Amino acid sequence: MKNSLQNALCALDALERNARAESPMHRLDARAKLLATTVYLVTMLSVPLPQLSEILLYALFPMATATLGGMRLGPLLRRSLAVLPFVALIGIFNLLYDRTPALRIGTLTVTEGGIEFAAILLRGILSMAALLVLIGTTGFYALCRALQQSGIPRFLTVQLLFVYRYLRVLLEEALAMSRACDARSFGRKHPALRVWGTLVGQLLLRTFDRAEQIHRAMLARGFTGRIPDCTAGKPRWRRADTAFLTGWSLALIAARWSYPVETLTRLFR
Amino acid sequence: MHMSDALVSPTVAAVAGAASLVLLGTAVRKLRPARSGLHTDVLHSERIVPLMGVMGAFVFAAQMINFAVPGTGSSGHIVGGILLSAILGPWAALLALSSVLILQCLLFADGGFLALGCNIFNMAVLSCLVAYPLVFRPLMRPDATPGRIFAASVLASVAGLELGALAVTLETEASAITALPIGKFLLFMLPIHLAIGIGEGLATGALLCAVRRYRPELLAGTEPQEQPAKRRFVRTLAAIAVAALLVGGSFSWLASSQPDGLEWSLSRTAGTAEMAPAPDGLHRTAAAIQETTAALPDYGTTTAGLVGCGVLLLAAWGGTQLLRTRRKGA
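For every chain, the first residue of the written sequence is number 1, and numbering continues from 1 along that sequence. Both sets of labels track the order of writing: A upward for chains, 1 upward for ligands. Only residues with pLDDT of at least 70 get local features here, since the model is predicted, and only at 80 or more are side-chain atom pairs given and counted; chain-wide, interface and lining totals rely on the full set of residues.

Peer 1: Go over the overall build of chain A, please, and point to the residues and values.
Peer 2: Only DSSP runs of H or I covering at least 4 residues are called helices, and only runs of E covering at least 2 are called strands; the numbering of each starts at the N terminus. Of the regular secondary structure elements, chain A holds 13 helices and two strands. Throughout, the radius of gyration refers to the C-alpha atoms, and the reference size of a globule is 2.2 Å times the residue count to the power 0.38. By the compact-globule yardstick of 18 Å for 269 residues, chain A is too spread out, its C-alpha radius of gyration being 23 Å. Overall, chain A is about 75 × 55 × 30 Å in size when its C-alpha atoms are taken along their principal axes. Within chain A, the fraction of its 269 residues that count as buried is 42%. With C-beta atoms placed from the backbone, the exposure class of a residue follows from how many other C-beta atoms lie within 10 Å of its own: 20 or more, buried; 12 or fewer, exposed; in between, partly exposed.

As structure tokens, this is what we get:
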């Protein structure tokens, strides 16, 4: 069975692999995707909870972008479900508190609290799915560059790149150590706090050593405490990016203001 | 404690995001050497940049090694705010921990993108900039015994996590997501995070003791600097104010939650479709925002809308499948 360290390493690998794939979504500028996802999240999350069907309509955005980006919907949905435990923990109270009947399906009565609970879960799944599509079709380096180009200080983005670079190294080191610990602890699932302290303390010391090595290597290459601008070869903003961003933004904002599902159902009655 | 996007409204996310961005900007300004910087300034900065990066990666990895919580059979992991502050200093720790949170969001979609501001505020700002200077620093001495280190870590971690839990509660309530009255929500959140805080504190203490034994020079940042009496007085005042806010805040919410919940359920059972404005300010502003943006929900059309939407989504799914098979065939 894989532990969380191995899962994280696999996820990192999958991320890098996905980010290098070829698709219309991958060719878009990271800023366009980032902004469109933000518009999506803002519009979707501002829909009031009782309007479950309107929120359901917003599933179209992750579905469409995932298909454009060559991501399969099944695994996407499965990974989005990971958000459920914490969200359900908070949302379950709506189900318990609000027992006003809202609608009947056969003999089953759905309460207003039930609808709100479903809406909260749906918001969780959809926001996670949209974020996963953004990550899966962009990759971390491009996202970081997009953040920097949209005004986040270089000091912070370089910090992000640093953590990303050494995350892999330290995950592998931690994996080796926890494997050694597992091999000696005879079927125990997690080490006791004292053993954990020594284990992670050891990892911390190795981290310091590595930081020192990196520091010397950086000094040897002429680092003076200032971070050089390394956005040479910036991707150019193309017409497709403008079209993608304005198209989705207009569609999403229109869907937010006009309540299409409600209007249509009224029309058909 | 990672908040998902599902639990925040865009307004709350924007406010928390703005607050976090301002604090991150301050941290960057404090750590980046000025253009005509002093020599010591530059030396500090060139050392702190790689250390911050690698420490961020360390916290990320250490969060994935769980320890057994004695007596419960469950396991816990650290968040790392106090640990990072003790080694890097509060501002660098804020940057390092925030970058960990941003990475968790952008790599594993752990905690939402809109909720990122909330998460940075709840987990990084409150523990690095509030719990560390007000609780940990005053308790630490350069010649502290292991017991003292443990005590300081536990108290500071509990303070940081309880403040974070309070912030999560306030943010969720201000987003008008949960039907749970705020008093009951707090009664549910605070004890859980008390337990988590003690675990976090013990783990932090164990790590700090290890660092102290092998690399005492790295904890140099925790030595109390000579402070003028006036500043110390201001700091004490601030600590008292935080404590008063915490206690007063939780009790007043507890007191006000009862009529609030009652009125709210009354208005529901009376069958009025419109929610009566709740008496407290947060709810009222949230309700006002919702009222201006939302048409009245009409449940007569809900079923039809759900069915229609379901059919539409099925059709869309079919379309994506067609597109995929076509692309595969091509």
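Peer 1: Summarise the nonpolar core; cite the residues concerned and give the values.
Peer 2: Residue and element names in this part refer to chain B. By convention in this section, buried Ala, Val, Leu, Ile, Met, Phe, Trp, Tyr and Cys residues joined through C-beta atoms within 7 Å make up a nonpolar core. Of all hydrophobic cores here, the largest spans 169 residues; its most connected members are Leu94, Leu97 and Ala131. When residues of this core are assigned to their parent elements, the largest contribution, 16 residues, is made by helix α5 (residues 116-139). Once residues lying within four places of it in the same chain are set aside, the contact partners of leucine 94 are Leu23, Ala27, Ala124, Val125, Cys128 and Leu129. A pair of residues counts as a contact when their C-beta atoms, built from backbone coordinates, are separated by no more than 7 Å.

Peer 1: Please give an account of the packing of helix α3 (residues 81-88) of chain B against helix α4 (residues 90-108) of chain B that cites residues and values.
Peer 2: Residue and element names in this part refer to chain B. Orientation is described by lines fitted to C-alpha atoms, with helices fitted over the stretch in contact, and by angles between N-to-C directions that extend from 0 to 180 degrees. The geometry of α3 relative to α4 is characterised by a closest axis approach of 7 Å and an angle of 135 degrees between their N-to-C directions. Compared by their axis directions, α3 and α4 come out oblique. The way α3 lies across α4 gives a crossing that is right-handed. Residue-level inspection shows Gly81, Leu84, Ser85 and Leu88 of α3 in contact with α4, the latter providing Pro90, Ala92, Ala93, Ala96 and Leu97. Tallied by class, the residues present in the contact of α3 with α4 amount to seven nonpolar, two polar and no charged. Roughly parallel refers to an angle under 35 degrees, roughly antiparallel to one over 145, roughly perpendicular to one between 65 and 115, and oblique to any angle outside these ranges. Crossing chirality is assigned from the near helix's rotation relative to the far helix, an anticlockwise turn below a right angle marking it left-handed and a clockwise turn marking it right-handed. Amino acids are sorted into nonpolar (Ala, Val, Leu, Ile, Met, Phe, Trp, Tyr, Cys and Pro), charged (Asp, Glu, Lys and Arg) and polar (every other residue, Gly among them).

Peer 1: Outline the interface of chain B and chain A, listing residues and values.
Peer 2: Residue-level contacts link 81 residues of chain B with 88 residues of chain A. Of all the secondary-structure elements, those providing two or more residues to the side of chain B that touches chain A are α1 (10-31), α2 (39-62), β1 (67-68), α4, α7 (182-214), α8 (229-269), α9 (281-293) and α10 (302-329) of chain B. By residue number, the principal contributor to the side of chain B that touches chain A is α2(B), which donates 16 residues. Class assignment of the residues belonging to the side of chain B that touches chain A gives a composition of 54 nonpolar, 21 polar and six charged.

Peer 1: Help me get a handle on helix α12 (residues 239-258) of chain A, residues and values and all.
Peer 2: All names here are of chain A. An expected span of 1.5 Å times one less than the residue number is assigned to each helix. With 20 residues, α12 extends 28 Å from end C-alpha to end C-alpha; this agrees with the ideal 28 Å at 1.5 Å per step. If you check which residues of α12 are buried, you get Asp241, Phe244, Leu245, Trp248 and Leu252. The buried residues of α12 occupy an angular sector of 90 degrees when projected down its axis, which confines them to one face. Those residues of α12 that are exposed and aimed more than 90 degrees away from the buried face are Arg239, Thr242, Ala243, Thr246, Gly247, Leu250, Ala254, Trp257 and Ser258. Buried residues in α12 make contact with α3 (30-45) and α5 (60-68). A positive phi of about 45 degrees marks tyrosine 259, the residue just after α12. Starting at the helix axis, one direction is taken to each C-beta atom, and the arc is that of these directions.

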